[in-house]
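# Residue-level structural notes
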Amino acid sequence: MSSTNRKYFCICPKDFHGNQCELIANRIDLIFDKNIDLSHSVFIHFITIIPYLNPSPDLLENNPQRLTTLQPISQATNSIRIYWLQPFHLTFIETLDKIYYLVILQPIYRYSTTIIERINSSQRCPSINTLVNKTFSQLHVLRRIKSYHLICQNYSSNLLCFHDDIYLCLCYNHQDKRSANCFNFNHQMRFDCFGQNECENGGQCFQDSLDCPKRSICICDSCYYGTRCQFTTNEFALSLDAILAYHIIPAVSLIHQTPIVKISFSLTFLVMIIGLSNGILSLITFKNKSLREVGCEIYLFGSSITTIFTMIFFGLKYFTYLSTRISIPSNQLFIKIQCYSLDFLLRICLNMDQWLNAYVALERAITVCQETRFNKKTSKKFAKKVLIILVIFIISTSIHDPFHRNLFEERENDNDDKKRIWCVLKYSSHLQIYNRIVNTFHFFSSIFN
(Lines give C-alpha, C1' and ligand atoms only; values in the text may rest on other atoms or scores of the structure.)
Protein backbone atom coordinates (compact mmCIF):
# COMPACT_ATOMS: atom_id res chain seq x y z
CA MET A 1 0.00 0.00 0.00
CA SER A 2 1.46 3.32 -1.04
CA SER A 3 1.71 6.52 0.98
CA THR A 4 3.78 9.68 0.96
CA ASN A 5 6.63 7.85 2.71
CA ARG A 6 6.30 4.52 0.87
CA LYS A 7 6.64 4.42 -2.91
CA TYR A 8 5.92 0.69 -3.22
CA PHE A 9 3.48 -1.95 -2.10
CA CYS A 10 3.86 -5.69 -1.66
CA ILE A 11 1.83 -8.36 -3.39
CA CYS A 12 1.82 -11.15 -0.83
CA PRO A 13 1.79 -14.86 -1.59
CA LYS A 14 -1.03 -17.01 -0.34
CA ASP A 15 -1.35 -17.25 3.47
CA PHE A 16 0.75 -14.10 4.11
CA HIS A 17 -0.32 -10.51 4.65
CA GLY A 18 0.83 -7.20 6.09
CA ASN A 19 2.59 -4.16 4.61
CA GLN A 20 5.69 -6.26 3.93
CA CYS A 21 4.04 -9.71 3.94
CA GLU A 22 5.48 -10.22 7.39
CA LEU A 23 2.36 -11.76 8.94
CA ILE A 24 1.39 -15.40 8.50
CA ALA A 25 -2.26 -16.32 8.26
CA ASN A 26 -3.88 -18.00 11.22
CA ARG A 27 -4.11 -21.76 10.78
CA ILE A 28 -7.35 -23.13 12.19
CA ASP A 29 -7.86 -26.88 12.58
CA LEU A 30 -11.43 -27.91 13.39
CA ILE A 31 -11.93 -31.54 14.40
CA PHE A 32 -15.49 -32.84 14.74
CA ASP A 33 -16.59 -35.52 17.15
CA LYS A 34 -18.19 -38.59 15.62
CA ASN A 35 -21.52 -37.94 17.33
CA ILE A 36 -22.07 -34.73 15.33
CA ASP A 37 -24.24 -35.17 12.24
CA LEU A 38 -22.51 -33.16 9.53
CA SER A 39 -23.22 -32.17 5.95
CA HIS A 40 -20.47 -32.51 3.35
CA SER A 41 -19.69 -28.77 3.67
CA VAL A 42 -20.20 -26.12 6.34
CA PHE A 43 -20.30 -22.34 6.51
CA ILE A 44 -17.69 -20.78 8.79
CA HIS A 45 -18.69 -17.34 10.08
CA PHE A 46 -15.93 -15.06 11.40
CA ILE A 47 -17.27 -12.27 13.60
CA THR A 48 -15.18 -9.17 14.35
CA ILE A 49 -16.16 -6.72 17.12
CA ILE A 50 -15.17 -3.13 16.29
CA PRO A 51 -14.70 -0.77 19.30
CA TYR A 52 -16.95 2.30 19.42
CA LEU A 53 -14.13 4.85 19.54
CA ASN A 54 -15.68 7.18 16.99
CA PRO A 55 -19.20 5.85 16.47
CA SER A 56 -20.84 6.54 13.14
CA PRO A 57 -24.15 5.38 11.65
CA ASP A 58 -22.35 2.94 9.33
CA LEU A 59 -20.35 1.49 12.19
CA LEU A 60 -23.41 1.08 14.38
CA GLU A 61 -25.26 -0.64 11.54
CA ASN A 62 -22.43 -3.00 10.50
CA ASN A 63 -21.01 -3.85 13.91
CA PRO A 64 -20.12 -6.61 14.44
CA GLN A 65 -18.61 -7.34 11.05
CA ARG A 66 -19.04 -10.76 9.54
CA LEU A 67 -17.07 -12.70 6.93
CA THR A 68 -18.22 -16.10 5.77
CA THR A 69 -16.54 -18.91 3.92
CA LEU A 70 -17.81 -22.28 2.82
CA GLN A 71 -15.50 -25.22 3.43
CA PRO A 72 -15.82 -28.93 2.58
CA ILE A 73 -15.30 -31.40 5.41
CA SER A 74 -12.68 -34.05 4.85
CA GLN A 75 -14.59 -37.32 5.01
CA ALA A 76 -11.31 -39.09 5.66
CA THR A 77 -10.37 -37.18 8.83
CA ASN A 78 -13.74 -35.57 9.73
CA SER A 79 -11.97 -32.24 10.04
CA ILE A 80 -11.33 -28.89 8.37
CA ARG A 81 -8.10 -26.94 8.00
CA ILE A 82 -8.42 -23.31 7.00
CA TYR A 83 -5.96 -20.40 6.74
CA TRP A 84 -7.54 -17.07 7.61
CA LEU A 85 -5.97 -13.63 7.14
CA GLN A 86 -8.59 -11.29 8.64
CA PRO A 87 -8.88 -10.47 12.36
CA PHE A 88 -11.80 -12.09 14.22
CA HIS A 89 -13.11 -12.56 17.75
CA LEU A 90 -15.86 -15.15 17.30
CA THR A 91 -16.18 -18.10 14.98
CA PHE A 92 -19.39 -20.00 14.33
CA ILE A 93 -20.02 -23.02 12.15
CA GLU A 94 -23.30 -23.42 10.30
CA THR A 95 -24.23 -26.69 8.62
CA LEU A 96 -26.36 -26.80 5.50
CA ASP A 97 -29.25 -27.84 7.79
CA LYS A 98 -29.05 -24.53 9.73
CA ILE A 99 -27.38 -25.99 12.83
CA TYR A 100 -24.92 -23.63 14.55
CA TYR A 101 -21.85 -24.34 16.71
CA LEU A 102 -19.72 -21.86 18.63
CA VAL A 103 -16.15 -22.78 17.74
CA ILE A 104 -13.80 -19.98 18.85
CA LEU A 105 -14.23 -17.18 21.38
CA GLN A 106 -11.21 -14.88 21.78
CA PRO A 107 -11.68 -11.37 23.25
CA ILE A 108 -8.24 -10.34 21.95
CA TYR A 109 -7.26 -11.31 18.43
CA ARG A 110 -3.84 -12.95 18.09
CA TYR A 111 -1.92 -12.77 14.84
CA SER A 112 -0.12 -15.69 13.15
CA THR A 113 -1.28 -18.39 15.53
CA THR A 114 -2.37 -21.99 15.17
CA ILE A 115 -5.76 -22.80 16.66
CA ILE A 116 -6.86 -26.39 17.14
CA GLU A 117 -10.44 -26.92 18.29
CA ARG A 118 -12.32 -30.16 18.84
CA ILE A 119 -16.02 -29.58 18.32
CA ASN A 120 -18.61 -31.57 20.26
CA SER A 121 -22.36 -31.41 20.74
CA SER A 122 -22.08 -29.17 23.84
CA GLN A 123 -20.97 -26.30 21.57
CA ARG A 124 -24.20 -26.35 19.61
CA CYS A 125 -26.28 -23.16 19.54
CA PRO A 126 -29.90 -24.41 19.65
CA SER A 127 -32.89 -22.49 18.37
CA ILE A 128 -35.07 -20.82 21.00
CA ASN A 129 -37.91 -22.98 19.69
CA THR A 130 -36.25 -25.92 21.44
CA LEU A 131 -35.54 -23.97 24.64
CA VAL A 132 -38.86 -22.24 25.33
CA ASN A 133 -42.54 -22.97 24.80
CA LYS A 134 -44.35 -22.11 21.61
CA THR A 135 -46.20 -19.13 23.13
CA PHE A 136 -42.96 -17.41 24.12
CA SER A 137 -41.25 -18.07 20.80
CA GLN A 138 -44.14 -16.41 18.94
CA LEU A 139 -43.95 -13.16 20.91
CA HIS A 140 -42.84 -9.97 19.18
CA VAL A 141 -39.07 -9.75 19.06
CA LEU A 142 -38.93 -6.68 21.35
CA ARG A 143 -40.91 -8.41 24.07
CA ARG A 144 -39.10 -11.67 23.56
CA ILE A 145 -35.52 -10.40 23.66
CA LYS A 146 -36.00 -8.85 27.11
CA SER A 147 -36.22 -12.34 28.57
CA TYR A 148 -33.24 -13.81 26.78
CA HIS A 149 -31.17 -13.43 29.96
CA LEU A 150 -33.55 -15.88 31.64
CA ILE A 151 -32.80 -18.50 29.01
CA CYS A 152 -29.11 -18.39 29.96
CA GLN A 153 -29.95 -18.42 33.68
CA ASN A 154 -32.62 -21.10 33.73
CA TYR A 155 -31.20 -23.44 31.18
CA SER A 156 -28.14 -25.65 31.55
CA SER A 157 -24.93 -23.93 32.61
CA ASN A 158 -23.30 -25.62 29.60
CA LEU A 159 -25.40 -23.57 27.20
CA LEU A 160 -22.93 -21.40 25.30
CA CYS A 161 -25.21 -19.82 22.74
CA PHE A 162 -28.61 -19.89 21.05
CA HIS A 163 -30.35 -18.17 18.17
CA ASP A 164 -33.70 -17.02 16.85
CA ASP A 165 -34.65 -15.87 13.37
CA ILE A 166 -32.91 -12.48 13.81
CA TYR A 167 -30.24 -12.71 16.51
CA LEU A 168 -27.38 -14.93 17.56
CA CYS A 169 -26.82 -14.80 21.31
CA LEU A 170 -23.94 -15.75 23.63
CA CYS A 171 -24.39 -16.82 27.23
CA TYR A 172 -21.67 -15.53 29.57
CA ASN A 173 -21.09 -14.83 33.25
CA HIS A 174 -21.50 -11.20 34.34
CA GLN A 175 -21.27 -10.27 38.04
CA ASP A 176 -22.02 -13.82 39.12
CA LYS A 177 -25.06 -14.00 36.85
CA ARG A 178 -25.60 -15.62 33.53
CA SER A 179 -26.46 -13.05 30.86
CA ALA A 180 -27.18 -13.01 27.14
CA ASN A 181 -25.29 -10.90 24.64
CA CYS A 182 -27.04 -10.82 21.27
CA PHE A 183 -26.18 -9.35 17.89
CA ASN A 184 -27.88 -9.24 14.50
CA PHE A 185 -27.19 -12.23 12.33
CA ASN A 186 -28.57 -12.66 8.82
CA HIS A 187 -29.56 -16.32 8.63
CA GLN A 188 -30.61 -16.06 4.97
CA MET A 189 -27.37 -14.65 3.59
CA ARG A 190 -26.24 -16.41 0.45
CA PHE A 191 -23.31 -15.69 -1.83
CA ASP A 192 -24.37 -16.57 -5.38
CA CYS A 193 -21.10 -15.63 -7.12
CA PHE A 194 -22.72 -12.43 -8.46
CA GLY A 195 -24.83 -14.49 -10.83
CA GLN A 196 -21.75 -16.01 -12.52
CA ASN A 197 -22.23 -19.61 -11.52
CA GLU A 198 -19.44 -21.87 -12.81
CA CYS A 199 -20.88 -24.94 -11.09
CA GLU A 200 -22.21 -27.61 -13.43
CA ASN A 201 -25.22 -29.93 -13.21
CA GLY A 202 -27.31 -27.61 -11.05
CA GLY A 203 -24.63 -27.01 -8.38
CA GLN A 204 -24.90 -23.91 -6.18
CA CYS A 205 -22.02 -21.42 -6.15
CA PHE A 206 -20.90 -19.67 -2.93
CA GLN A 207 -18.17 -17.10 -2.32
CA ASP A 208 -16.34 -16.16 0.87
CA SER A 209 -17.28 -12.47 0.81
CA LEU A 210 -19.73 -10.06 -0.78
CA ASP A 211 -17.23 -7.20 -1.15
CA CYS A 212 -13.97 -8.79 -2.30
CA PRO A 213 -14.34 -12.56 -2.74
CA LYS A 214 -11.11 -14.54 -3.00
CA ARG A 215 -12.46 -18.04 -3.56
CA SER A 216 -15.65 -19.85 -4.46
CA ILE A 217 -16.97 -23.35 -3.90
CA CYS A 218 -19.74 -25.45 -5.37
CA ILE A 219 -22.41 -27.34 -3.45
CA CYS A 220 -23.36 -30.34 -5.57
CA ASP A 221 -26.67 -32.13 -5.80
CA SER A 222 -26.79 -35.82 -5.01
CA CYS A 223 -25.09 -38.09 -7.57
CA TYR A 224 -22.62 -35.33 -8.57
CA TYR A 225 -19.13 -34.64 -7.27
CA GLY A 226 -15.93 -32.71 -8.05
CA THR A 227 -14.98 -29.08 -7.38
CA ARG A 228 -17.43 -27.91 -10.06
CA CYS A 229 -19.91 -30.82 -9.76
CA GLN A 230 -18.64 -31.94 -13.15
CA PHE A 231 -18.64 -35.68 -12.42
CA THR A 232 -21.70 -37.88 -12.11
CA THR A 233 -22.59 -41.33 -10.79
CA ASN A 234 -25.86 -41.52 -12.74
CA GLU A 235 -24.52 -43.84 -15.43
CA PHE A 236 -24.53 -47.64 -15.39
CA ALA A 237 -20.90 -47.91 -14.26
CA LEU A 238 -19.87 -46.58 -10.84
CA SER A 239 -16.20 -45.65 -10.70
CA LEU A 240 -13.84 -46.03 -7.76
CA ASP A 241 -13.43 -42.23 -7.82
CA ALA A 242 -17.05 -41.72 -6.77
CA ILE A 243 -16.83 -44.38 -4.05
CA LEU A 244 -13.43 -43.92 -2.43
CA ALA A 245 -11.82 -40.67 -3.60
CA TYR A 246 -12.84 -38.51 -0.63
CA HIS A 247 -12.13 -41.26 1.91
CA ILE A 248 -8.45 -41.75 1.00
CA ILE A 249 -5.96 -39.72 3.04
CA PRO A 250 -2.98 -38.69 0.86
CA ALA A 251 0.56 -39.47 2.02
CA VAL A 252 -0.68 -41.81 4.77
CA SER A 253 0.05 -45.53 4.94
CA LEU A 254 -2.73 -48.09 4.56
CA ILE A 255 -2.65 -48.94 8.27
CA HIS A 256 -3.71 -45.39 9.15
CA GLN A 257 -6.32 -44.99 6.41
CA THR A 258 -10.05 -44.62 7.11
CA PRO A 259 -12.17 -47.70 7.96
CA ILE A 260 -13.91 -47.56 4.55
CA VAL A 261 -10.56 -47.83 2.75
CA LYS A 262 -9.43 -50.71 4.99
CA ILE A 263 -12.70 -52.60 4.49
CA SER A 264 -12.59 -52.11 0.71
CA PHE A 265 -8.96 -53.33 0.67
CA SER A 266 -9.86 -56.47 2.64
CA LEU A 267 -12.92 -57.23 0.49
CA THR A 268 -10.99 -56.70 -2.74
CA PHE A 269 -8.21 -59.01 -1.58
CA LEU A 270 -10.75 -61.66 -0.50
CA VAL A 271 -12.71 -61.46 -3.79
CA MET A 272 -9.48 -61.74 -5.77
CA ILE A 273 -8.35 -64.85 -3.87
CA ILE A 274 -11.74 -66.57 -4.29
CA GLY A 275 -12.10 -65.53 -7.95
CA LEU A 276 -8.58 -66.54 -8.95
CA SER A 277 -8.92 -69.88 -7.13
CA ASN A 278 -12.21 -70.57 -8.90
CA GLY A 279 -10.80 -69.59 -12.30
CA ILE A 280 -7.56 -71.56 -11.93
CA LEU A 281 -9.31 -74.72 -10.73
CA SER A 282 -11.82 -74.49 -13.58
CA LEU A 283 -9.00 -73.95 -16.08
CA ILE A 284 -7.14 -77.03 -14.78
CA THR A 285 -10.34 -79.08 -15.07
CA PHE A 286 -11.33 -78.08 -18.62
CA LYS A 287 -7.77 -77.92 -19.95
CA ASN A 288 -8.06 -81.66 -20.60
CA LYS A 289 -9.12 -82.07 -24.27
CA SER A 290 -11.02 -85.26 -23.49
CA LEU A 291 -13.48 -83.18 -21.46
CA ARG A 292 -14.05 -80.60 -24.22
CA GLU A 293 -16.14 -82.84 -26.47
CA VAL A 294 -19.19 -80.56 -26.64
CA GLY A 295 -19.75 -76.81 -26.80
CA CYS A 296 -20.78 -76.52 -23.13
CA GLU A 297 -17.30 -77.52 -21.93
CA ILE A 298 -15.67 -75.09 -24.38
CA TYR A 299 -17.82 -72.26 -23.02
CA LEU A 300 -16.82 -73.21 -19.46
CA PHE A 301 -13.17 -73.34 -20.51
CA GLY A 302 -13.47 -69.83 -21.96
CA SER A 303 -15.35 -68.66 -18.87
CA SER A 304 -12.54 -69.86 -16.59
CA ILE A 305 -10.02 -67.83 -18.64
CA THR A 306 -12.16 -64.67 -18.56
CA THR A 307 -12.68 -65.13 -14.80
CA ILE A 308 -8.92 -65.15 -14.24
CA PHE A 309 -8.41 -62.06 -16.41
CA THR A 310 -11.35 -60.30 -14.71
CA MET A 311 -9.82 -60.83 -11.28
CA ILE A 312 -6.38 -59.71 -12.50
CA PHE A 313 -7.71 -56.51 -14.12
CA PHE A 314 -9.96 -55.82 -11.12
CA GLY A 315 -7.04 -56.19 -8.71
CA LEU A 316 -4.77 -54.05 -10.87
CA LYS A 317 -7.48 -51.40 -11.12
CA TYR A 318 -8.08 -51.24 -7.38
CA PHE A 319 -4.50 -51.46 -6.11
CA THR A 320 -3.21 -49.05 -8.78
CA TYR A 321 -5.98 -46.61 -7.94
CA LEU A 322 -5.30 -46.83 -4.21
CA SER A 323 -1.53 -46.41 -4.56
CA THR A 324 -1.82 -43.42 -6.89
CA ARG A 325 -4.29 -41.69 -4.56
CA ILE A 326 -2.10 -42.20 -1.49
CA SER A 327 1.04 -41.09 -3.32
CA ILE A 328 0.70 -39.51 -6.77
CA PRO A 329 3.48 -40.87 -8.99
CA SER A 330 5.69 -38.49 -10.94
CA ASN A 331 5.18 -40.55 -14.10
CA GLN A 332 1.87 -39.34 -15.50
CA LEU A 333 2.13 -41.83 -18.37
CA PHE A 334 1.52 -44.70 -15.93
CA ILE A 335 -1.70 -43.09 -14.65
CA LYS A 336 -2.86 -42.40 -18.19
CA ILE A 337 -2.28 -45.99 -19.35
CA GLN A 338 -4.24 -47.48 -16.45
CA CYS A 339 -7.03 -44.93 -16.95
CA TYR A 340 -7.43 -45.72 -20.65
CA SER A 341 -6.93 -49.48 -20.54
CA LEU A 342 -8.02 -51.16 -17.28
CA ASP A 343 -11.67 -50.10 -17.26
CA PHE A 344 -11.97 -50.99 -20.95
CA LEU A 345 -10.45 -54.46 -20.49
CA LEU A 346 -12.47 -55.08 -17.33
CA ARG A 347 -15.66 -54.19 -19.18
CA ILE A 348 -14.84 -56.64 -22.00
CA CYS A 349 -14.08 -59.49 -19.57
CA LEU A 350 -17.29 -58.97 -17.58
CA ASN A 351 -19.49 -58.93 -20.70
CA MET A 352 -17.67 -61.93 -22.12
CA ASP A 353 -18.18 -63.94 -18.95
CA GLN A 354 -21.91 -63.11 -18.90
CA TRP A 355 -22.37 -64.25 -22.51
CA LEU A 356 -20.39 -67.49 -21.98
CA ASN A 357 -22.45 -68.42 -18.92
CA ALA A 358 -25.58 -67.68 -20.93
CA TYR A 359 -24.46 -70.02 -23.73
CA VAL A 360 -23.69 -72.76 -21.21
CA ALA A 361 -27.28 -72.60 -19.99
CA LEU A 362 -28.58 -72.39 -23.58
CA GLU A 363 -26.70 -75.50 -24.74
CA ARG A 364 -27.79 -77.50 -21.70
CA ALA A 365 -31.40 -76.63 -22.52
CA ILE A 366 -30.87 -77.71 -26.17
CA THR A 367 -29.27 -80.98 -25.00
CA VAL A 368 -32.32 -81.78 -22.88
CA CYS A 369 -34.70 -80.99 -25.75
CA GLN A 370 -32.84 -82.93 -28.47
CA GLU A 371 -31.81 -85.87 -26.27
CA THR A 372 -30.29 -88.57 -28.56
CA ARG A 373 -30.47 -86.30 -31.63
CA PHE A 374 -27.84 -83.96 -30.07
CA ASN A 375 -24.70 -83.78 -32.28
CA LYS A 376 -21.48 -83.29 -30.30
CA LYS A 377 -19.30 -82.38 -33.29
CA THR A 378 -21.73 -79.73 -34.51
CA SER A 379 -21.97 -78.31 -31.00
CA LYS A 380 -18.18 -78.15 -30.68
CA LYS A 381 -17.71 -76.37 -34.03
CA PHE A 382 -20.52 -73.92 -33.25
CA ALA A 383 -18.98 -73.10 -29.83
CA LYS A 384 -15.61 -72.22 -31.40
CA LYS A 385 -17.31 -69.87 -33.86
CA VAL A 386 -19.35 -68.29 -31.03
CA LEU A 387 -16.18 -67.55 -29.06
CA ILE A 388 -14.61 -65.67 -32.00
CA ILE A 389 -17.83 -63.78 -32.77
CA LEU A 390 -18.35 -62.81 -29.12
CA VAL A 391 -14.81 -61.41 -28.78
CA ILE A 392 -15.20 -59.30 -31.94
CA PHE A 393 -18.76 -58.20 -31.04
CA ILE A 394 -18.00 -57.19 -27.42
CA ILE A 395 -14.82 -55.29 -28.35
CA SER A 396 -16.60 -53.44 -31.20
CA THR A 397 -19.47 -52.35 -28.92
CA SER A 398 -17.06 -51.13 -26.22
CA ILE A 399 -14.28 -49.59 -28.33
CA HIS A 400 -15.66 -46.06 -27.83
CA ASP A 401 -14.83 -46.20 -24.08
CA PRO A 402 -11.05 -45.45 -24.08
CA PHE A 403 -11.42 -42.68 -26.70
CA HIS A 404 -13.59 -40.63 -24.33
CA ARG A 405 -11.45 -40.95 -21.22
CA ASN A 406 -9.18 -38.21 -19.97
CA LEU A 407 -7.17 -37.26 -16.90
CA PHE A 408 -8.34 -34.24 -14.95
CA GLU A 409 -6.24 -32.66 -12.21
CA GLU A 410 -8.14 -31.04 -9.37
CA ARG A 411 -6.56 -29.03 -6.56
CA GLU A 412 -8.21 -29.02 -3.16
CA ASN A 413 -9.21 -25.52 -2.01
CA ASP A 414 -6.50 -23.92 -4.17
CA ASN A 415 -3.89 -25.86 -2.26
CA ASP A 416 -1.07 -26.86 -4.59
CA ASP A 417 0.10 -29.58 -2.21
CA LYS A 418 -3.24 -31.38 -2.19
CA LYS A 419 -4.52 -32.52 -5.54
CA ARG A 420 -6.53 -35.34 -7.03
CA ILE A 421 -6.22 -36.83 -10.48
CA TRP A 422 -9.54 -38.08 -11.81
CA CYS A 423 -9.97 -40.55 -14.64
CA VAL A 424 -12.90 -38.88 -16.36
CA LEU A 425 -15.26 -40.59 -18.79
CA LYS A 426 -17.39 -38.02 -20.59
CA TYR A 427 -19.78 -38.84 -23.42
CA SER A 428 -21.83 -36.59 -25.65
CA SER A 429 -25.60 -36.82 -25.27
CA HIS A 430 -25.92 -39.09 -28.34
CA LEU A 431 -23.08 -41.34 -27.20
CA GLN A 432 -24.66 -41.59 -23.74
CA ILE A 433 -27.83 -42.96 -25.33
CA TYR A 434 -25.80 -45.42 -27.42
CA ASN A 435 -23.79 -46.54 -24.37
CA ARG A 436 -26.96 -47.15 -22.34
CA ILE A 437 -28.51 -49.17 -25.16
CA VAL A 438 -25.34 -51.30 -25.49
CA ASN A 439 -25.10 -51.94 -21.75
CA THR A 440 -28.79 -52.80 -21.56
CA PHE A 441 -28.47 -55.13 -24.56
CA HIS A 442 -25.47 -56.99 -23.06
CA PHE A 443 -27.20 -57.34 -19.71
CA PHE A 444 -30.63 -58.55 -20.79
CA SER A 445 -29.53 -60.56 -23.84
CA SER A 446 -27.14 -62.63 -21.74
CA ILE A 447 -29.99 -63.29 -19.28
CA PHE A 448 -32.62 -64.28 -21.85
CA ASN A 449 -30.17 -66.41 -23.80
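Here's a quick rundown of the structure. (Residues numbered from 1 in each chain as written. Predicted model: local features only at pLDDT ≥ 70, side-chain atom pairs only at ≥ 80, totals over all residues. Heavy atoms only, no water.)

### Quick look at the overall build of the protein chain
Along the backbone of the protein chain there are eleven helices and 19 strands. In the protein chain, buried positions account for 41% of the 449 residues. Across the protein chain, the fraction of contacts at a sequence separation of at least 24, relative to all contacts at a separation of at least 6, is 59%. (Helix = DSSP H or I, 4+ residues; strand = E, 2+ residues; numbered from the N terminus. Buried < 20%, exposed > 50% of the residue type's maximum accessible area, 1.4 Å probe, protein only. Contact = heavy atoms within 4.5 Å.)

### Points about the state of the cysteines
Applying the stated criterion to the full structure yields five disulfides. Disulfide pairing is shown between Cys152 and Cys171; the S-S distance is 2.0 Å. Residues Cys152 and Cys171 share a disulfide whose torsion about the S-S bond is about -75 degrees; that sign makes it left-handed. Placement of the pair is Cys152 in helix 4 (residues 148–154) and Cys171 in strand 12 (residues 167–174), with a sequence separation of 19 residues. For Cys152, a relative accessible area of 1% puts it in the buried group. (Disulfide = S-S within 2.5 Å.)

### Let's talk about the sheet that holds strand 5 (residues 65–72)
A sheet is described by the order of its strands in space; here five strands give the open sequence 5-4-7-8-10, paired in antiparallel fashion. Every other strand in the sheet has two partners, leaving strand 5 and strand 10 (124–125) as the edge strands with one partner each. (Pairing = 2+ DSSP bridges.)

### Some thoughts on a nonpolar patch on the surface
Residues Ile263, Leu267, Leu270 and Ile274 make up a contiguous nonpolar surface patch of about 400 Å² in total accessible area. Counting through the fold element by element, Leu267 comes out in helix 6 (residues 259–286). (Patch = residues over 30% accessible without salt bridge, like charges linked within 9 Å, V, L, I, M, F, W, Y side chains within 5 Å. Areas by Shrake-Rupley, 256 points an atom, 1.4 Å probe, with all protein chains shown as cover. Salt bridge = Lys/Arg side-chain N within 4 Å of Asp/Glu carboxyl O.)

### As for the pattern of salt bridges
Within this structure, the stated rule accounts for twelve salt bridges. Between Arg144 and Asp165 there is a salt bridge; the shortest N-O distance is 3.5 Å. Residue Arg144 is located in helix 3 (residues 141–145), and its partner Asp165 is located in the loop between strand 11 (161–163) and strand 12; the two are separated by 21 residues in the primary sequence. The class of Asp165 is exposed, set by a relative accessible area of 58%. For Asp401, the salt bridge identified is with Arg347, shortest N-O distance 3.4 Å. You can see Asp401 sitting in helix 10 (residues 400–403) and its partner Arg347 sitting in helix 8 (residues 332–370), a full 54 residues away along the chain. Arg347 sits in the buried class, given a relative accessible area of 14%.

### Here's the deal with the packing of helix 8 against helix 9 (residues 376–398)
Contact geometry of helix 8 with helix 9 gives a least axis separation of 10 Å together with a crossing angle of 150 degrees. Classed by the angle they form, the pair helix 8 and helix 9 counts as roughly antiparallel. The crossing of helix 8 and helix 9 is right-handed. Across the interface between the two elements, Phe344, Arg347, Ile348, Asn351, Met352, Trp355, Leu356, Tyr359 and Glu363 of helix 8 pack against Ser379, Val386, Leu387, Leu390, Val391, Phe393, Ile394, Ile395, Thr397 and Ser398 of helix 9. (Axes fitted to C-alpha atoms, helices over the stretch in contact; angles between N-to-C directions. Parallel < 35°, antiparallel > 145°, perpendicular 65-115°, else oblique. Left-handed = near helix turned anticlockwise from the far one by under 90°.)

### A few points about the nonpolar core
Counting 20 residues, the largest nonpolar core has Ile28, Leu30, Ile44, Phe88, Ile93 and Ile119 as its most contacted members. Secondary-structure elements contributing two or more residues to this core are strand 3 (26–32), strand 4 (41–48), strand 6 (79–84), strand 8 (100–105) and strand 9 (114–119). The contact partners of Ile93, leaving out residues within four places of it in the chain, are Leu30, Phe32, Val42, Phe43, Ile44, Ile99, Tyr100, Tyr101, Val103 and Ile119. Counting 17 residues, the second largest nonpolar core, distinct from the first, contains Tyr299, Phe374, Leu387 and Ile394. (Core = buried A, V, L, I, M, F, W, Y, C linked by side-chain atoms within 4.5 Å.)

### Quick look at the sheet that holds strand 12
The sheet built from three strands is open, its strands ordered 11-12-13 with antiparallel pairing. With partners counted over all chains shown, the strands left at the sheet margins are strand 11 and strand 13 (177–184), one partner each. Shown here is a sheet whose adjacent strand axes are inclined to one another by a mean of 25 degrees, direction ignored. As defined by bridge partners, strand 12 adjoins strand 13 across eight bridges and the pair is classed as antiparallel. Counted as the bridge partner of Cys169 is Cys182 from strand 13.

Shape is all these values report; function is a separate question.
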